[in-house]
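# Coordinate analysis (summary)
Chain by chain, the residues run as shown.
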Amino acid sequence: MSLLAFHQLETPERRLLQRPPWRYGLTIGLTLLGAAAMILWGATFEGQVAQGIVTEVGSWVLFTVVFCGLAWFRQPHAKRRTALLFGFWAAVAIVVNAAAKHGLNQHFLAAGLGDSPRLYWAGLFFIPPILLLWYSQRDQHLQQHGLHLRKWRDQVSLGLLAGVFIALHFLSTVRFSGIVGLSIKPWQYMFWSLGFEVFQSLGEELFFRGVLLRSLQTIYKLNFWLATAITTLANLSIYLIRSQWQNPIQMAGVVIYLSMISIAASLLFRRYQSVVPGYLCNIVFSFSAILR
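A few words on the overall build of the chain. Secondary structure summary: the chain contains eleven helices and zero strands in total. Walking the chain from its N terminus toward its C terminus, one meets helices and strands in the order α-α-α-α-α-α-α-α-α-α-α. Looking at the chain as a whole, 50% of its 292 residues are labelled buried. Within the chain, contacts between residues at least 6 apart in sequence are counted, and of these 77% link residues at least 24 apart. For the chain, the accessible area works out to roughly 14,000 Å², and carbon and sulfur atoms hold 68% of it.

This is the structure:
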């Protein structure tokens, strides 16, 4: 590793400390509470359109905006860029949900629409993450906070490998336990699921690894494993709020595998100081979960 790499890792720490630690922690806490509140509020709507918009804008889009806002803190036009980012990501979530879920009060598969052409709207979900990844390669502040593609071959290969390993373990456990069966869904629904995971997983990694894990280590000086434990609990809390599983065995499975993904993503972030491998790991595992 070059001396330049060490310099890049130190720079964001000094910038973060321009804000008092309590204020930075308050930003993280309010973000988590806000996301939890929006997810709970979204669950009160009967219509899938309102539920999807409130949940996605209030959690995954919010997580992305908080990461970028902190990375651009005290930079020229920071507020304008953050507002534009929020507007674009929120607009995509609103358009896709309104176009694909109009008139629905239940999920696509439950409504018998697993092969509906309306699922093609998920193609728009790919645009914001691709554009943000492209832009990050021209923005040193985003790179310093963990959104970079240095050693991209290693990041991609190790991220995909970790995701495939955990996914195969999950599918094997499901298959041989007999709790639920495995089934191939219509390819239109699989396309929708892939687009959704590409959209929401980036916000998840940016916030939980790029903001929370990183700040616990660089600002609050926690060791890696303690910071990872706190990050994993926070990450789990968002999913447990969203989940509606009543079966304790299924709930245990959710906790175990989401913890595995969070720990794997944290280890990948420690190795590369980048959210990209954890992002890919998250996508692969989450996409495999639709086969159950």
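Once you've had a look at it, read on.
This next bit is on the side chain of threonine 231. Positionally, threonine 231 belongs in helix H9 (residues 224-242). Residue classification places threonine 231 among the buried residues on the basis of a relative accessible area of 0%.

This part covers helix H5 (residues 127-136). The complete set of buried residues in H5 reads Pro128, Pro129, Leu132 and Ser136. For H5, the arc enclosing every buried residue in end-on projection is 95°, short of the 170-degree limit, so these residues lie on one face. At its buried positions, H5 is contacted by helix H3 (48-71), helix H4 (78-101), helix H6 (140-144), helix H8 (187-218) and helix H11 (276-288).

With that settled, consider the environment of tyrosine 272. With respect to the secondary-structure elements, tyrosine 272 resides in helix H10 (residues 248-272). Taking relative accessible area as the criterion, tyrosine 272 reaches 12% and is therefore assigned buried. Spatially, the C-alpha atom of tyrosine 272 lies 7.3 Å from that of glutamine 155, the residues being 117 residues apart in sequence. Those residues within four positions of tyrosine 272 in sequence are excluded, and the remaining contacts are His148, Asp154, Gln155, Leu158 and Pro277.

Taken as a whole, this structure holds two salt bridges when the rule is applied. For aspartate 139, the salt bridge is made with arginine 81, and the minimal N-O distance between the two is 3.3 Å. In this pair, aspartate 139 is assigned in the loop between H5 and H6 and arginine 81 in helix H4, connecting sequence segments 58 residues apart. With a relative accessible area of 22%, arginine 81 lands in the partly exposed category.

What follows deals with unusual backbone geometry. At arginine 74, a position not held by glycine, the phi torsion is positive, near 65°. Mapped onto the fold, arginine 74 is located in the loop between H3 and H4. For glutamine 273, which is not a glycine, the phi torsion comes out positive at approximately 50°. Locating glutamine 273 in the fold gives a position in the loop between H10 and H11. Since its relative accessible area comes to 25%, glutamine 273 is described here as partly exposed.

Where H4 meets H5, the closest approach of the two axes is 10 Å, and the angle between their N-to-C directions is 155°. Classified by the angle their axes make, H4 and H5 are roughly antiparallel. Note on element contacts: H5 touches H4 through Ile127, Pro128, Pro129, Leu131, Leu132 and Tyr135, opposite Arg81, Leu85, Phe88, Trp89 and Val92. Each residue belonging to the contact of H4 with H5 can be placed in one class, and the counts come to ten nonpolar, no polar and one charged.

Moving on, we get to H3. Along its 24 residues, H3 runs 33 Å from first to last C-alpha, staying within 8% of the 34 Å computed at 1.5 Å per residue. Remark: the principal bend of H3, roughly 35°, maps to leucine 62. Most of H3 sits out of view: 19 of its 24 residues are buried.

Turning to the confidence of the model for the chain, a few remarks are in order. Should the pLDDT be low somewhere, the predicted coordinates at that spot are not to be read in detail. When pLDDT is averaged along the chain, the result is 89; 90% of the residues meet or exceed 70. Residue range residues 1-17 is modelled with pLDDT below 50. Its contacts to residues more than four positions away, or to other chains, number 24 contacts.

A separate point is a nonpolar patch on the surface. Taken together, Phe88, Ile127, Leu131, Trp134 and Tyr135 make up a surface patch of nonpolar side chains, about 460 Å² in accessible area. Residue contributions to the nonpolar patch peak at four residues, all from H5. With respect to the element layout, tryptophan 134 can be found in helix H5.

By secondary structure assignment, the location of glutamate 197 is in helix H8. Taking the relative accessible area as the measure of exposure, glutamate 197 reaches 11% and is therefore buried.

The rules we used
Residues numbered from 1 in each chain as written. Predicted model: local features only at pLDDT ≥ 70, side-chain atom pairs only at ≥ 80, totals over all residues. Heavy atoms only, no water. Helix = DSSP H or I, 4+ residues; strand = E, 2+ residues; numbered from the N terminus. Buried < 20%, exposed > 50% of the residue type's maximum accessible area, 1.4 Å probe, protein only. Contact = heavy atoms within 4.5 Å. Areas by Shrake-Rupley, 256 points an atom, 1.4 Å probe, with all protein chains shown as cover. Arc of directions from axis to C-beta. Salt bridge = Lys/Arg side-chain N within 4 Å of Asp/Glu carboxyl O. Axes fitted to C-alpha atoms, helices over the stretch in contact; angles between N-to-C directions. Parallel < 35°, antiparallel > 145°, perpendicular 65-115°, else oblique. Nonpolar A, V, L, I, M, F, W, Y, C, P; charged D, E, K, R; others polar. Expected span 1.5 Å × (residues − 1). Bend = angle between axes of the 7 residues up to and from the residue. pLDDT = per-residue confidence, 0-100. Patch = residues over 30% accessible without salt bridge, like charges linked within 9 Å, V, L, I, M, F, W, Y side chains within 5 Å.

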